[in-house]
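Residue strings, one per chain:
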Amino acid sequence: MAEEQKDVTCDAASVEENQHPQNNDSSKSSGATPMSTWEKISYGGGEIYGSGYSALLGVVLSFFLTTLVLRGIKNAELYAAIIIVISKVWDAISDPLMGVISDNTRTKIGRRRPWIIIGGALVPVAFAIMFMPWAKDIQNEGLRIAYACFGYFLLCTVNTISQVPYMSLSAEISGDFKERNKANSIKLIFSLVCSGLFFLIPSAATEAYTAYLQGTDSMYGKINEAGFFLIVAVLCGVIFGVSTVLVGVFSKERIPYDTNQKSKFSFKSYAVPLKNKSYRYHLLMYLMAFGCYDFISALVLYYVTAVVPNITIFGKSMSSLFIVAPMMVMAAVTYPLNMKLKNTKGKQFVYRWGLPFYILGAIGLAVFPNTTNTNISWLLLLCSAIMGVGFGGAQMMPWMIFPDTQDVAELKTGVKDTGCYSGLMTFTRKIGTALAQSIVLIVLACVGYSDATTKISSGELTAYPQKVTLAIRILFGIIVVVMISLAIWASLKYKVTDKKLTRIKYFLEKQRAGENDTLTDEEKAEKDALIKELG
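Everything numeric in this text was worked out from a predicted model, so none of it was measured.

Observations regarding helix 12 (residues 355–366)
Okay, so step 1: Taking 1.5 Å of rise per residue, the 12 residues of helix 12 would be expected to cover 16 Å, and the 17 Å separating its terminal C-alpha atoms lies within 8% of that figure.
Okay, so step 2: Of all the positions in helix 12, only L355, Y358, I359, G361, A362, G364, L365 and A366 are classed as buried.
Okay, so step 3: The inward-facing, buried residues of helix 12 abut helix 8 (277–307), helix 9 (321–333), helix 11 (347–353), helix 13 (374–413) and helix 16 (466–493).

Set out below in structure tokens:
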């Protein structure tokens, strides 16, 4: 007789009676073969979309909505902010739901890979619909707002389909945390490169399109709506889609799971990962580090346009390139040091050691004078580079820590429900991005940024009013200081080390094999102590 299927609700309380879910008859695994170099590269390449998507939207989304689609509509910034915020209501359902769906998927190639392939194939389609250049020509203002809302909802949904399973995969590509770390190290390289690349490319397109609209010059030349569409939608969309599909085709899932165990979607499942102490601190580290980057991405074009437009560097007029490039270069330069420190001092130390520099650089940019003195303009590059020292470690380590928190969760509950955790992470990240963009848009609307831009374009004003520049400076400085301070605190509270992970791996192997009863009294006490401290 077939074994009766078990239902769970991603809740530790629901699995107390099932502490040995994996056995030779019911567990599934793709095998324990070591990861090949190509698999590590293709897996890491998924971060082209993961980091590139966030970087691109951080720069382009607010600009695209207010300047192109909603152009001419009164209070365009507020409508854009509303579209961004209400899309998160859908994400609140779709992200955790996608986690449950992928947890319950049963195919020959695993639980995560089919959805990564499907989502990757849909990415270019979603980008093409979202960034259609003729959307601005819709005459009815209500229809234009509805179109912008539909396009962004579609983009968010497609992102959910691929990225929730991809984040889950990071904990399942290998049961050996050292091999897992190597694979995620390659992922981090892609993250650093793509965070910069897909910030700079859209920034250049945005500045060139702004020059086209205003009839001015930029260091990138000029492009019209069609050129903007080809760069942002077609080029970026195809690159994101192809890199994501390659992850699903070439990666493997190696962690066993119980084929008879199914999860049910429940709003209670939102709180389940938060019962894991280590995951809570990890989540805060993740949100603060990436939230700072989201704020900088959302602000940088306004900063270079309104706050320091008179600065010239190397004979070139001010551009977002001079903010982002030094950050990314310094993050790359410190990468070898960070990897060495990871092996000697631990991931938490690597995450936080450079964060005071992050704060120092942000304050420097916030107070930097709008000067024509070329003798001190290079100091702006220095401030950006100083930020990059902290940026590198803070962006790197959360990706490497996530699989560790999943081992802690499985040790505590006996269930490998990674989809619940990755669903919550992707959702909270989207909330953070939405808040960053919305706060920037609302503040700019309150200080009259668009009105000032219109008057500057018509010649009524020669510079942005002080209330506009002051608001941008305050956002740039204060928010970074607060968020990075919280990030430092969370890293001090996170206690999972490689030494503890070695013991966790031992106890998990016993647990998966149904051999908990073979543990000695000392081992049982050690296991309980680990769960109490970390879980």
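Here we look at the confidence of the model for the protein
Okay, so step 1: Across the protein, the average pLDDT comes to 84, with 92% of residues at 70 or higher.
Okay, so step 2: Ignoring residues within four places in sequence, the model shows residues 1–31, a span with pLDDT below 50, making 70 contacts including any to other chains.

Description of the packing of aromatic side chains
Okay, so step 1: Under the definition given, this model contains 24 aromatic pairs.
Okay, so step 2: For the ring pair W38 and F250, a centre distance of 5.4 Å and an interplane angle of 80° mean the geometry is edge-to-face. Note that W38 is positioned in helix 1 (residues 37–44) and F250 in helix 7 (residues 225–250), a separation of 212 residues in sequence.
Okay, so step 3: For W38, a relative accessible area of 44% puts it in the partly exposed group.

Some thoughts on the pattern of salt bridges
Two side chains of opposite charge can pair, provided their charged atoms sit close to one another.
Okay, so step 1: A full pass over the atoms with the stated rule returns 13 salt bridges.
Okay, so step 2: For the salt bridge of R112 with D103, the shortest nitrogen-to-oxygen distance reads 2.9 Å. Taken individually, R112 and D103 each receive the classification buried, so the pair is uniform in this respect.
Okay, so step 3: Through salt bridges that share partners, D103, R111, R112 and E172 make up one connected network.

The rules behind the values
Residues numbered from 1 in each chain as written. Predicted model: local features only at pLDDT ≥ 70, side-chain atom pairs only at ≥ 80, totals over all residues. Heavy atoms only, no water. Helix = DSSP H or I, 4+ residues; strand = E, 2+ residues; numbered from the N terminus. Expected span 1.5 Å × (residues − 1). Buried < 20%, exposed > 50% of the residue type's maximum accessible area, 1.4 Å probe, protein only. Contact = heavy atoms within 4.5 Å. pLDDT = per-residue confidence, 0-100. Phe/Tyr/Trp six-rings, centres within 6.5 Å; stacked < 30°, edge-to-face > 60°. Salt bridge = Lys/Arg side-chain N within 4 Å of Asp/Glu carboxyl O.

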